[in-house]
Structure formats: structure tokens, C-alpha cells
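In case you want the letters, here they are:
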Amino acid sequence: MRSPADMDIVQIDISTKCHLACSNCTRLIPHQTQRRDMELETFERSVKSMEGWNAPNKVIGVIAGEPTLHGNFEQISRRFAELWGGDNTSNGRAPIKDFNDFATQRLFDRSNGRGLWTSLGNGFYKNYETIMEVYSHFNTNTHETAGQHQALLISRKDYTQATGMSDAEWEYNRDNCWVQKLWSATINDKGAYFCEVAGAIDRLYFDGARAWPVEQGWWQRTPEDFKDQLDLCNYCGLAQPGPSQLDLLDRDIISAEHKQILKKLGSPAIRKRAYEMFDPALHMQKRQVETRDNYVGDASSGRRVGIGHNSTKPRKLACVLTSVGYGDDLALTLPQNMREFDEMIVVTSSDDLRTQEVVKENGATLVISDRCFEDDHAFNKGKMLNDGLKGLKDADWIVFTDADIVMFEGFYELFMSHSWNPGCLYFTSRVDSQKVEGKGEQTNFEPNGYFQLFNARAQAIRDSWPNIVSENFCSAGSVDSWFYQQWKRDKLFGISDIPVQHIASARLGENWNGKQVKPKKWRQFGILTTSGFTSLDPAATTVPDVIRLTDTCNGETVELHKDDLDKHVHIGPNGLVFQGKDIGHMHVHVAYWAE
């Protein structure tokens, strides 16, 4: 046997919740009478108790039935990153075609000392963004590929009686147990243990009576110190040559002594008769585990993620766009774009009958809103997008685009066949149908409003859902720049091979204030950058006397006379400084009052 000090993995077992009921589960999940989560304070104490154990290639693993189902998994993971190991990772930001390949790569990455043992599922999907950042090491098994789990619920008494094995031989095998030799010590909500399986048995059978206190240095105990915990081995058959079961059969092989104990405890699996009684005449296999991956399956079937497994892939893809005065363009783009989304929402004004007609003809969802004209704004696109988001059903992945954009043909199939990180905002290139005055190139490759692909659960926006778009911009310009600024720069990910086509206007910004601009409104004049003012209309070279500035970093707005501009905006070492805050090379939206 080994001291935990000599192990390269120590597990923290955070929950008895699981979406599976695998045969011969080492966490005894099918027999749990209650589903409980480890408290955050207990988890913190567990991690801190390991101080001094860490070294290169060592990992503290978060495990459970399925740890991502812990009700507070995100907070536990973020706290884990604060307390233990190296920097967060940037893994999993590119779209993933085969998650099995990705999981296999992660199996060999112990770079930050934090590991996750997972079977994927809904909890993984919900916490995808956090998982990719916090854990460098994955040990993934979806239990779909004919893996074998050895029977552990064969007691010493029943095993020796059935096989005639001597006590000396049984104890020799125990002291050379493959679980203790290959795997890990553990901490659960009851305390610390020299062996992860011993911890699961003690928790369920004896309410943690043999647990060690979770205190700094507990892991320095040697086999001479194991004492009472060794008694737990009398309830485990894993050290002995014995039978195994296909994990996906969802039934344990158990001996008579265990059946009696589990029945008394009220095991759900016993009530459902999800077990086989150990019979050496029938269960003749004498399995002995030699490597850590014996349970995954042989080389031909031993995938960590089953072929066709979809729990990491998108559930739904929706599109939200505004079309006010763009009905004719929409009539050209909507028929094709409808094929690329599960749900299409078009937001228009009450007087735009042409757009309403096109939407109804194509079967999209119509949202009527006149809020774009509120607050004396020429065309507040942000308000329209927020109103469109409110019309979504079961929001998952969303694309913001425009009425004059045609999606890449086949985008939907490509998107749904990959796993995407919900913490990222994805963008692509836009190809203009004609040369646009004020632009140098006909192809744009920036995270702008013509294509912004994001997830409703993204940490960047979820706290403001569904009002995730700024309503401080009086036009359609700049609001998309503000929106992508809600993500950290390294979470903006460009995908160049799904370009969109643009029915381009003759001039940049030509209709950002709306197709038909009403009088007595705040309109966008242009933008302010480190190079000075740039007007939307080349003929308008004089900056109006009174202007309203809104920055595209923080969305803050100030109204001022142009002579007071230097009091609010200046150029600093890193770009623009607006209202005392560094906004770098992001621009400032400039509006004026038009009679």
C-alpha cells in the first residue's frame, strides 16, 4: 500500500448526484438513499489541507457521481482555481468536432494541477465555460463503449467462503490492491481516507465513522497509520481476482452480506432488483486490473466519449435581427436564412408593413416594437434587439445579424455537429456585394453586428439577460462594438470558413440612423478615435456645437459643448481615456440633435 503522500492523484468527492447508474460504481451511486453535495466551506478546507503535497504532474481531482451536477459547481470550481494549482487554461475555445479526441488530449495535461472526473451530461453542458478555464486535466468516461467495472460489493467473508481463499492470501491481495496502487486517496464530506473506494463504503455504510479529520498534513499518513480504515477493505472485493460487468448494464454484482446491509439501508437498486447475486459458478471471471484505463474498454471500442454522444453539442440555434425599412432586402435574405436556424426572430416597427409581410410569408417570429424611437433617438437598435431576445423560447445559442446579410449555406449543420464554448463570442467574415465608400476592403473580419454568435449562458452577459444589449446608443452604429466588448478579448474567436454575404449600401453608415430619419431626434454624427472625428457623411465636416458621447467600452454617456471635449476625452498612453477611464482603441459614438 501507499501513503497518499506518494500518490500523484488525490480526489475530492463533492456529490452523490449522477445521471447514470453504472454497474459496480466505485461511488456506490445506485445505492445512495440521498443525493447530497459537499458544502463550499468543506471543499475549501479539503483543498487547503493538501498544502505541501503538490508537485509537478500531481493532480487534485474533483470527482463524484457526476461532479458537474453539484448545485454550486461553478463556485466550487472558481474557488478551486483560486486555492490550488497554476493559471487557468484557454482550452476548448475553438469548435470541437470530436469531443473524444479533445478529452483524450486533456487526459495527458496536468499543467495546472486541477483535474475533473466526468461522464459529461447536462451538468457539463451547463458549466462548459467554467470547466474549460479551470481544469487542465480531464478524466472522461461516458460509459458507452463496453467498459468493464469490476464487482466491488463482494465482502471478505462471502469471497473467502465461496473460493476457499486463505486469510493470508486475501490480506496479501488487499495490501497490493490495484485501486490503492494505481488510483487515489480521497476526501468526501465525512473526512479523509487512504483509498477512494474505502471512503465511499464508509460514507454509505457507516456514515463516515472511520474518516480522518480533514486537517493539514493528513495525507502524510503511512500504511502503518491506516489501522481502522483497513477494516473497510473487508467490504470490498476489488483487490481479489473476481468478476466484472459491462458498466452500461446498470446492475451490480453483490454478495449476500452486502445485500443484507443495502436492503437495511434502503438502497434504491436493491428495491428495483438492479443487481445479480455473486455466484462463483456463474461469475467465473478472475479479472485483475493492470492499468488505469482497463475500465474504458479495449483498443477497438475504448472511446472516452461514445460515438454520437451529443451532450456537449448545442441544443438550439436561434437568430435575432432588426428590420425597419429593410423589407425588400429581407425578402431576399430571409428565405435562405430560415434554413440555418431553429428559430428566427425579426423585430420591426408597427408602421413597417413590408417587413411584417415578409416575416409572415416565411414563417419567422415577428416582434413589433417602436422602442427604437423612444427618448428622441433616431434608431436605437439596442432596444430592438433586447425586445427580440425576450421573444426567444428556451434560449441557447444565438446569432445577431442584419436584414441585409445572407448566412453561409450549411452553417446550421456545421454548427450543430461541433461543440462550442459558451464563454466565447464567435464571429466570421463578411463579404460586401459592392465597394462601399468609406471602407478600404470589401471583406470585413471583425466581431461586428453582421454576425455575432454567442450563448445565453455566457458569464459575460448572463446577469443582465435578456436586456444584454446597451440601450444608450441612439443609432444602429457602435452598439455592436459595445456588445462584443462585454467579452474579454481572448474570448473573441474568429471562424473564417463560414463567411456571410452582405447586400451593401453605397456608403459606410448610410442608414445607421434609420432608412427614414425623423426630425427632432438624436442622430449619430460619426465616431471619435485616437485619430479624431470621423463623420458618417463625408460632406458633414463641421462637428455640431452640442454633442452626446457614448463610449463603446463601458457604454457611458455625456452631453457637452464641443469646446469642452478635452475635459472629458483625451489620448493616453494606451489609447483614449473617456470620463477618466482607459478605453484603449475602442471608439466613442458621437451624436447630435437634429431638428
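A quick note: this is a predicted structure, and the numbers were derived from the prediction, not measured.

## What about the pattern of salt bridges?
Move 1: If you walk through the whole model with that rule in mind, you get 38 salt bridges.
Move 2: Across the pair R174 and D175 runs a salt bridge, and its minimum N-O distance is 2.9 Å.
Move 3: Classification of R174 as buried rests on a relative accessible area of 14%.

## Structural notes on unusual backbone geometry
Move 1: Note the cis peptide between W465 and P466, where omega equals 0°.
Move 2: Assignment of secondary structure puts P466 in the loop between strand 19 (452-455) and helix 16 (479-484).
Move 3: A positive phi angle, near 40°, is found at K227, a position not held by glycine.
Move 4: Its place among the elements puts K227 in the loop between helix 9 (196-206) and strand 8 (244-246).
Move 5: Classification of K227 as exposed rests on a relative accessible area of 61%.
Move 6: A positive phi is found at D394, a non-glycine position, where the angle reads about 55°.
Move 7: By the secondary structure assignment, D394 is in the loop between helix 14 (381-389) and strand 14 (397-402).
Move 8: Classification of D394 by relative accessible area gives exposed; the value is 68%.

## Describing empty space enclosed by the protein
Move 1: Taken as a whole and judged by the stated rule, the model has 4 cavities of 30 Å³ or more.
Move 2: Of the voids in this model, the second largest cavity is the one considered here, and its volume is about 140 Å³.
Move 3: Around the second largest cavity, the lining comprises 16 residues; the ones closest to its centre are C177, C195, C233, C236 and A239.
Move 4: Where the lining of the second largest cavity is concerned, the elements lending two or more residues are helix 7 (167-175), helix 8 (178-182) and helix 9.
Move 5: The element best represented in the lining of the second largest cavity is helix 9, accounting for 3 residues.
Move 6: Per-class residue counts for the lining of the second largest cavity are 13 nonpolar, 2 polar and 1 charged.

## Section: the environment of I29
Move 1: By the secondary structure assignment, I29 is in the loop between strand 1 (9-13) and helix 1 (40-48).
Move 2: Along the sequence, I29 and A64 sit 35 residues apart, while their C-alpha atoms lie 9.0 Å from each other.

## Thoughts on the nonpolar core
Move 1: Counting 79 residues, the largest nonpolar core has F43, M50, F99, F124, Y135, I201 and W218 as the members making the most contacts within it.
Move 2: Apart from the residues lying within four places of it in its own chain, the contact partners of F124 are T68, F99, L116, T118, I131, M132, F138 and T312.
Move 3: Formed by 32 residues, the second largest nonpolar core is a distinct cluster that contains C372, F473, A476 and M586.

## Focus on the packing of aromatic side chains
Move 1: The final tally for this structure, using the stated rule, is 33 aromatic pairs.
Move 2: Ring centres of F43 and F80 lie 5.5 Å apart, and the angle between their planes is 85°; this geometry places the pair in the edge-to-face category. Of this pair, F43 sits in helix 1 while F80 sits in helix 2 (residues 73-83), and the two are 37 residues apart along the sequence. Assigned by exposure class, F43 and F80 land together as buried.
Move 3: Three or more aromatic residues link up through ring pairs in this structure, and these residues are F341, W397, F411, F415, W420, Y426, F451 and F493.
Move 4: Directly above the aromatic system of F373 lies the positively charged group of K518, at a separation of 4.0 Å from the ring centroid.

## What to know about the packing of helix 6 (residues 156-163) against helix 7
Move 1: Taken N-terminus to C-terminus, the directions of helix 6 and helix 7 make an angle of 125°; their axes are 11 Å apart at the nearest point. In terms of orientation, helix 6 and helix 7 fall into the oblique class. Crossing geometry of helix 6 relative to helix 7 is assigned as right-handed. Contacts between helix 6 and helix 7 involve R156, Y159 and T160 from the former and D167, W170 and E171 from the latter.
Move 2: For the contact of helix 6 with helix 7, the residue count by class is 2 nonpolar, 1 polar and 3 charged.

## Thoughts on the layout of surface pockets
Move 1: Its boundaries defined by the atoms lining it, the largest pocket holds a volume of some 1300 Å³.
Move 2: Lining the largest pocket are 48 residues, and of these R430, D480, L508, G509 and W512 sit closest to its centre.
Move 3: Where the lining of the largest pocket is concerned, the elements lending two or more residues are helix 16, strand 22 (521-529) and strand 23 (532-535).
Move 4: A class-by-class count of the residues in the lining of the largest pocket yields 15 nonpolar, 21 polar and 12 charged.

## Looking at the sheet that holds strand 2 (residues 59-63)
Two modes of strand pairing occur in sheets, parallel and antiparallel, and in both the strands are linked by backbone hydrogen bonds.
Move 1: If you trace the 6 strands from one edge of the open sheet to the other, you get 4-3-2-1-6-7, paired in mixed fashion. The open sheet has two free edges, formed respectively by strand 4 (137-140) and strand 7 (191-193), since each of these has just one partner strand. Between one strand axis and the next, the sheet turns by 20° as a mean value, whatever way the strands run.
Move 2: The pairing of strand 1 with strand 2 spans 5 bridges and is parallel. Looking at strand 2, one finds that I12 is bridged to V62.

## Some details on the packing of helix 1 against helix 2
Move 1: In the contact formed by helix 1 and helix 2, the axes pass within 10 Å of each other and the chain directions differ by 25°. In terms of axis orientation, helix 1 runs roughly parallel to helix 2. The two elements helix 1 and helix 2 meet at a crossing, and its hand is right-handed. Of the residues in helix 2, those in contact with L40, F43, E44, V47 and K48 of helix 1 are Q75, I76, R79, F80 and L83.
Move 2: Its residues assigned to classes, the contact of helix 1 with helix 2 shows 6 nonpolar, 1 polar and 3 charged.

Parameters and conventions
Residues numbered from 1 in each chain as written. Predicted model: local features only at pLDDT ≥ 70, side-chain atom pairs only at ≥ 80, totals over all residues. Heavy atoms only, no water. Salt bridge = Lys/Arg side-chain N within 4 Å of Asp/Glu carboxyl O. Buried < 20%, exposed > 50% of the residue type's maximum accessible area, 1.4 Å probe, protein only. Helix = DSSP H or I, 4+ residues; strand = E, 2+ residues; numbered from the N terminus. 1 Å grid on protein atoms, 1.4 Å probe; cavity = no way out; pocket = protein on both sides within 12 Å on 5 of 7 lines; lining within 4 Å. Points joined across faces, edges and corners; volume = space filled by probe spheres on them. Nonpolar A, V, L, I, M, F, W, Y, C, P; charged D, E, K, R; others polar. Core = buried A, V, L, I, M, F, W, Y, C linked by side-chain atoms within 4.5 Å. Contact = heavy atoms within 4.5 Å. Phe/Tyr/Trp six-rings, centres within 6.5 Å; stacked < 30°, edge-to-face > 60°. Lys NZ or Arg CZ within 6 Å of the ring centre and 35° of its normal. Axes fitted to C-alpha atoms, helices over the stretch in contact; angles between N-to-C directions. Parallel < 35°, antiparallel > 145°, perpendicular 65-115°, else oblique. Left-handed = near helix turned anticlockwise from the far one by under 90°. Pairing = 2+ DSSP bridges.

Keep in mind that these numbers describe shape and distance, not what the molecule does.
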